[in-house]
Structures are given as C-alpha cells and as structure tokens.
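# Secondary and tertiary structure notes
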Amino acid sequence: MTSVAPGYQRSSTLAALQELTDIATLLPHEIARQAGLSTSELHALRHLMRAPMGPVDLARALGVTSAASSGIVDRLVARGHVERRAHAADGRRTEVLITDSGRLEVLRRMAPMFAGLAALDNALDDREREVVERYLRGATAAMRSAM
C-alpha cells in the first residue's frame, strides 16, 4: 500500500474509520430488511423526509429510471408510507410526499442509532469536537477524491 500511497500506514484511527464505512454500507440494507422494504424504498423515504419530490426528481435522486421510481412509489403508497398529490404550483404535475406512517417507519428503526450518536457527540468538549470534525471532513474529502 505504501508504494501506491506514500506515508499510508495502518493505524487504529484508519481501522476505526474502515469499520465505520463498512457498517454504514450495511446499515441501509439492514434497516430496510427490518422494515420489510427494499433498499430503494428506504432511500426514497429518506429523500422524501427532506421535502416532497416529483417522481422524476425522485428517480434522479435514487439513480433509477422513471418507471422504476413509479414502482417504488406504488409500493410505498400501498403501505401508506407516501401519497401522491397534485403539485401546489402546477396542477398538471404530481408530487410525492411522505406520510406520518412513512416518517415513523424510518425514525423508529433509526432512533437507537440517533440516540447513541447524540450521546457520543454530547460527551465531546469543543476542542474534541473540532478534532473529530476535522478528521471526518478530511476523511470525506479523501474518499471523494476517489469518485
């Protein structure tokens, strides 16, 4: 590895970062499985928690075709997790919005993680938080350089 990336040496922080990225990759699949959803359905709910979206915008956000997005929305509508409605500004268009049921499904499954992360963050003092933030932002930038 050092011939490809001079100065790279395995450390406890790099091992912990690798463990974090591995679990972050597995997390959506596990949350979706627990909820009886596909990973795409879970990601759709996550996007819709931010704001309603048109079907084409949702397809783009999910990286799928419009037809695939329509199927995802159909399945979520059938479960009561999303609704289709006429767009407020343009009645010819449709938008998809998350329901209380959909929001609760996601938040209920992720609440233990959010509580643990909040406790961890609250235990940091300002100096520690600065160091952790600098490390995480640097790691994010390093990962983005491979994209």
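This write-up is about the structure you can find in this document. Numbering of residues begins from 1 in every chain and follows the order in which that chain's sequence is written. Under the rules for a predicted model, residues below a pLDDT of 70 receive no local features and side-chain atom pairs below 80 are neither given nor counted, while totals for whole chains, interfaces and linings still include all residues. Calculation of side-chain values draws on the structure's entire complement of heavy atoms; hydrogens and water are dropped beforehand.

### Brief notes about the overall build of the protein chain
Secondary structure summary: the protein chain contains six helices and two strands in total. Along the protein chain, helices (α) and strands (β) appear in the sequence α-α-α-α-β-β-α-α when read from the amino end. Over its C-alpha atoms the protein chain spans a radius of gyration of 19 Å, topping by over 25% the 15 Å that the globule rule assigns to 147 residues. On the principal axes, the C-alpha backbone points of the protein chain span a range of 55 × 35 × 30 Å. Looking at the 147 residues of the protein chain, the share that counts as buried comes to 24%. Partitioning the intrachain contacts of the protein chain with sequence separation of at least 6 by distance along the chain shows that 42% fall at a separation of at least 24. Accessible surface computed for the protein chain: about 10000 Å², of which carbon and sulfur atoms make up 59%. When charges are counted, Lys and Arg contribute as positive and Asp and Glu as negative, whereas His and the chain ends are disregarded. Just so you know, the charge point we use is NZ for Lys, CZ for Arg, CG for Asp and CD for Glu. In the protein chain, 19 side chains carry a positive charge and 17 a negative one; their mean positions are 5 Å apart. Going along the chain from the N terminus, every DSSP run of H or I of four or more residues is numbered as a helix, and every run of E of two or more is numbered as a strand. When we talk radius of gyration, it's over C-alpha atoms, and the globule rule is simply 2.2 Å times the number of residues to the 0.38. Exposure categories follow from relative accessible area, calculated using a 1.4 Å probe and restricted to protein chains: below 20% of the type maximum is buried, above 50% is exposed, and the middle band is partly exposed. Only heavy atoms matter for contacts: two residues are in contact if any of them lie within 4.5 Å across the pair. Per-residue and other accessible areas follow the Shrake-Rupley method at a 1.4 Å probe size, with only the shown protein chains counted as cover for residues.

### Re helix H5 (residues 100–122)
In a regular helix each residue adds 1.5 Å, so 23 residues correspond to 33 Å; H5 covers only 28 Å between its end C-alpha atoms and thus falls short of that length. Bend angle per residue: angle between axes fitted to the 7 residues ending at that residue and the 7 residues starting there. The largest bend along H5 reaches roughly 50° and is located at Met110, with the proline Pro112 sitting one to four residues downstream. Where H5 is concerned, the buried positions are Gly102, Glu105, Val106 and Met110. Looking at the buried residues of H5, the elements they touch are helix H1 (12–35), helix H2 (39–50) and strand E2 (94–98). What a helix is expected to span follows from its residue count: subtract one and scale by 1.5 Å.

### Topic: the nonpolar core
The nonpolar side chains of a soluble globular protein tend to be buried, and buried together. Here, the term nonpolar core denotes a set of buried Ala, Val, Leu, Ile, Met, Phe, Trp, Tyr and Cys residues that are joined through side-chain atoms within 4.5 Å. The biggest cluster of nonpolar side chains holds 19 residues, and the ones touching the most others in it are Leu37, Ala44, Leu45, Leu48, Leu58, Leu76 and Val82. Counting residues per element, the ones that place at least two in this core are H1, H2, helix H3 (55–62), helix H4 (66–78), E2 and H5. When residues of this core are assigned to their parent elements, the largest contribution, four residues, is made by H2.

### A few points about the environment of Val96
Relative to the helices and strands, Val96 is located in strand E2. With 24 residues separating them along the chain, Val96 and Leu120 place their C-alpha atoms 35 Å apart. Setting aside its immediate chain neighbours within four residues, Val96 contacts Leu48, Pro52, Met53, Pro55, Val73, Val82, Glu83 and Arg84.

### Focus on the pattern of salt bridges
A side chain of one charge can pair with a side chain of the opposite charge when the charged atoms of the two come close. We define a salt bridge as a side-chain nitrogen of Lys or Arg found within 4 Å of a carboxyl oxygen belonging to Asp or Glu. Applying the stated criterion across every chain, the model contains ten salt bridges. Residue Asp74 pairs with Arg84 through a salt bridge whose shortest N-O separation is 2.6 Å. In this pair, Asp74 is assigned in helix H4 and Arg84 in strand E1 (residues 82–86), connecting sequence segments ten residues apart. For Asp74, a relative accessible area of 38% gives the class partly exposed. Arg137 is the salt-bridge partner of Glu133, the closest N and O atoms lying 2.8 Å from each other. Note that Glu133 and Arg137 are positioned in helix H6 (residues 126–144) at a spacing of four residues, about one turn of the helix. Accessibility expressed as a relative area gives 39% for Glu133, which makes it partly exposed. Accessibility expressed as a relative area gives 57% for Arg137, which makes it exposed. Salt bridges sharing partners connect three or more residues here, namely Glu105, Arg108 and Arg109.

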